[in-house]
Amino acid sequence: QIDEAEVVAFSVPSYACLRRTTLDNHNPVLTDALSLLAENAELSDEDGRGVAFRRAAAVLKALPEPVTGVTQLRGLPCLGGHSLRVIRDILENGASSEVEFTKQSERFKALKVLTDIFGVGAKTAERWIRDGIHSLHQLQESGQTLNRAQQAGLEHYDDLKQPVTKAEADAIGEIVEEAVVSVLPGAQITLIGGFRRGKLTGHDVDFLITHPEEVLSLQGFLLYQKTTRNSYLEAKDGPARPASNMDRFERCFSIFKLADAEKRGTKQTENTPEDTCRLAAHSRWRAVRVDLVVSPISQFAFALLGWTGSKLFERELRRWAGHEKAMSLSSHALYDNKQGRYLKATSEEEIFTYLGLEYIPPSERNA
Ligand code: GTP
Ligand code: MN
Ligand code: MN
């Protein structure tokens, strides 16, 4: 009964970094469906399809109101035939048969369960599934050798599946801050990732620490840690040179031991065997995924921009930089290919300006 001419036609720029995407999503059913297909593609080593579904979902997240008919989508970017078919299915039948089929499929369910283990990627899960392993129980019975990360991931599986709250993120922030400042007075610690974008929960907590040299000591708090020393060094004459001790960039993907709220006042100690055997009912702490990124002050703005996300927003920023500006953007630096030099910046705003983009605050980077 709606006259087609009256239908609201949406207009959305094709790069996600040109859009303001808040957490106020008016089309969660459609974006959840497309995100699930993206996840399935990513888990199946089909990254191209994964990105296509992520881009389609991000366009719908940017719409100012719910979509009621496919005619409203005419002229929107990033909506390929496949995504449109899924959207039409949901708008007309209430559900997408492909999404429902995927959700029910044994393969997808097994890939999800296995890759939900910290330290397990799609490749490993795929190999295990080929060996007939579809569940945690089957994995434990199989006698597969697990690396340290996977052992820790399996041990803390239930905890790590629980979303992390903002209150927990803040509690960890205080502990990390205290540890950092005791090593290096004046160091800056910034909450990044989803929480910086205003999310109320996350799958982990991400921090950026600006810190010129020393190595952090959070030993008593970490149940697992893998520290990567990055070999990047800013250079005048080309993109990458071997790192020196003075100018390194470290990150640490860890599992953090966070005491229950009522216990947080008291000092935490090393793990005891009793801790490891704690009963869920009497739990006095929980495991939380924490990512620590350490950046030299000269790279702070790039690290901040590069680790705030969302993942798609970051990807689109790099695509914009490369395709539209002939620049290479990373979480360390911005290189101008035409001028043949690095562009220095001390704030995110400056980087957006170099890229010829309007500044988008973190809360509007939820593409
Ligand atoms: P939740 O944690 O689920 O709330 O979402 P999130 O947006 O915080 O995601 P996540 O913690 O996975 O990533 C946060 C940011 O770190 C995103 O911008 C990612 O692009 C970035 N990131 C994650 N892993 C890596 C990595 O291995 N290398 C680099 N350079 N960036 C990464
Ligand atoms: Mn995160
Ligand atoms: Mn993270």
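Since we're looking at a predicted model, the values are computed, not measured.

Definitions and cut-offs
- Residues numbered from 1 in each chain as written.
- Chains lettered and ligands numbered in written order.
- Predicted model: local features only at pLDDT ≥ 70, side-chain atom pairs only at ≥ 80, totals over all residues.
- Heavy atoms only, no water.
- Near = heavy atom within 4 Å.
- Polar contact = N/O pair within 3.5 Å; in protein donor to acceptor, adjacent residues only side chain to side chain.
- Areas by Shrake-Rupley, 256 points an atom, 1.4 Å probe, with all protein chains shown as cover.
- Helix = DSSP H or I, 4+ residues; strand = E, 2+ residues; numbered from the N terminus.
- Donors = N, O, S within 2.8 Å, 3.2 Å for Na, K, Ca; no water.
- Buried < 20%, exposed > 50% of the residue type's maximum accessible area, 1.4 Å probe, protein only.
- Pairing = 2+ DSSP bridges.

## Considerations on the site of ligand 1
With respect to spatial proximity, 16 residues lie near ligand 1, and among them Gly194, Lys199, His203, Asp204 and Lys311 are the closest. Within the contact set of ligand 1, an oxygen atom lies 2.7 Å away from a backbone nitrogen or oxygen of Gly194. Protein contact buries 75% of the 630 Å² of open area that ligand 1 shows by itself. For the shell around ligand 1, the elements supplying multiple residues, two or more each, are helix 11 (193-196), helix 13 (300-308) and helix 14 (311-325). Broken down by element, the shell around ligand 1 gets its largest block of residues, 3 residues, from helix 13.

## Concerning the coordination of the manganese ion (ligand 3)
Taken together, Asp204 (OD), Asp206 (OD) and Asp291 (OD) make up the full set of protein donors to the manganese ion (ligand 3), lying 2.1 to 2.2 Å away. Look at where the donors of the manganese ion (ligand 3) fall in the sequence and you get D-x1-D-x84-D. The metal-metal distance between the manganese ion (ligand 3) and the manganese ion (ligand 2) comes to 3.6 Å, with Asp204 coordinating both. The exposure classification of Asp204 matches that of Asp206, with both residues buried.

## Side note on the pairing of strand 7 (residues 285-295)
Counting buried positions along strand 7 yields 11 of 11 residues, so the element is predominantly enclosed. Of the two faces of strand 7, the one holding Trp285, Ala287, Arg289, Asp291, Val293 and Ser295 and the one holding Arg286, Val288, Val290, Leu292 and Val294 are both buried throughout. As judged from the 6 bridges shared by strand 4 (residues 205-210) and strand 7, these two strands associate in the parallel manner. Its bridge partner being in strand 7, Leu208 is matched across the sheet by Val293.

Keep in mind these values describe shape, not function.
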